[in-house]
Amino acid sequence: MTDPLACAYVRLYLARAIKKHAPGRVDLLLDMALELVKLLHRLATSPAYAKDVVGSQMEVEKYLPLIEPALEYLLQDVRVSEHVKDLDAIILCISTAPDSTGLDVKDTSENAKLSCALVRVLVSALPAEYISRRAEALCSVCKVAEGSSSVQAATFRTLGERLCESKPSTELCLPLMNSIWKNVRKLATLDEYLSVADIF
């Protein structure tokens, strides 16, 4: 099954069954989340595949958020302290963003571009504690991701909202904001700029 939306529904059904009958098998939920993200990455980076799946009726940037609730449900029971490497693997499969915590990420495809819309979905779905722990790497991921100015603004705002839920270390806050602001200053409209400035 290659339709990401259909895959998301199937995974939701399986995840609900796992949580009911095998509540300790978080590894199965993480495996499903990883495979779903790989499928979304393919959708976001392959125009031919996107045309087959989405057609001409909807832009991929608008299609990807439809799958966000499924990914969030798969990850909601994950304990970051126990599964940080599994969560790292989700980021590893889409991007390049080494940071001082040791998250050394390599792109799975030399020709694949990182979708800003996909990054926003991931930032929204991943546990807040993980976002805080990997703030430096995720900031780098957000900065290199490509997309329309409005989606970039939404991605930076979502990152800011998640960092408010679980704040990174004090010494990291100012460097993070300075790094992000280099991209925020390039947003196309004042409204987009203010939407990010408001949360930070």
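Residues numbered from 1 in each chain as written. Predicted model: local features only at pLDDT ≥ 70, side-chain atom pairs only at ≥ 80, totals over all residues. Heavy atoms only, no water.

Caption draft 1: Structural view of the pattern of salt bridges. Considering all chains together, one arrives at 10 salt bridges under this definition. With its nearest N and O atoms 2.5 Å apart, the salt bridge here joins Glu68 to Arg120. With Glu68 in helix α5 (residues 68-75) and Arg120 in helix α7 (residues 116-125), this residue pair connects regions lying 52 residues apart in the sequence. The salt bridge involving Arg157 is made with Glu161; its shortest N-O contact spans 3.3 Å. In this pair, Arg157 and Glu161 both sit in helix α10 (residues 149-165), 4 residues apart, roughly one turn of the helix. Under the relative-accessibility criterion, Glu161 is labelled partly exposed at 32%. (Salt bridge = Lys/Arg side-chain N within 4 Å of Asp/Glu carboxyl O. Helix = DSSP H or I, 4+ residues; strand = E, 2+ residues; numbered from the N terminus. Buried < 20%, exposed > 50% of the residue type's maximum accessible area, 1.4 Å probe, protein only.)

Caption draft 2: Fine view of the packing of aromatic side chains. A complete count under the given rule lists 2 aromatic pairs for this structure. An angle of 80° between the planes, with centres 6.0 Å apart, marks the rings of Trp181 and Phe200 as edge-to-face. Linking Trp181 in helix α11 (residues 170-184) with Phe200 in the segment after α12 (190-199), this pair joins segments that are 19 residues apart in sequence. Joined through ring pairs, the aromatic side chains of Trp181, Tyr193 and Phe200 make up one cluster. (Phe/Tyr/Trp six-rings, centres within 6.5 Å; stacked < 30°, edge-to-face > 60°.)

Caption draft 3: Here's a closer look at the nonpolar core. Of all hydrophobic cores here, the largest spans 63 residues; its most connected members are Leu71, Leu75, Leu87 and Leu122. Non-local contacts of Leu71, meaning those with residues more than four positions away in its chain, are made with Ala33, Leu36, Val37, Val121, Leu122 and Ala125. (Core = buried A, V, L, I, M, F, W, Y, C linked by side-chain atoms within 4.5 Å. Contact = heavy atoms within 4.5 Å.)

Caption draft 4: Layout of the packing of helix α9 (residues 135-144) against α10. Running from amino to carboxyl end, α9 crosses α10 at an angle of 170°, the nearest separation of the two axes being 10 Å. What the angle tells us is that α9 and α10 run roughly antiparallel. Seen along the crossing, α9 lies across α10 with a hand that is right-handed. Residues Ala135, Cys139, Cys142 and Lys143 of α9 form the contact with α10, whose own contacting residues are Thr155, Phe156, Leu159 and Leu163. Across the contact of α9 with α10, the residue classes tally to 6 nonpolar, 1 polar and 1 charged. (Axes fitted to C-alpha atoms, helices over the stretch in contact; angles between N-to-C directions. Parallel < 35°, antiparallel > 145°, perpendicular 65-115°, else oblique. Left-handed = near helix turned anticlockwise from the far one by under 90°. Nonpolar A, V, L, I, M, F, W, Y, C, P; charged D, E, K, R; others polar.)

Caption draft 5: View of helix α1 (residues 4-21). For α1, built from 18 residues, the straight-helix expectation of 26 Å at 1.5 Å per residue is met to within 8% by its first-to-last C-alpha distance of 25 Å. Among the residues making up α1, those that are buried are Pro4, Cys7, Ala8, Arg11, Ala15, Ile18 and Lys19. All buried residues of α1 project into a common sector of 100° when viewed along the axis, lining one side. Exposed and facing more than 90 degrees away from the buried side of α1 are Tyr9, Tyr13, Arg16, Lys20 and His21. (Expected span 1.5 Å × (residues − 1). Arc of directions from axis to C-beta.)

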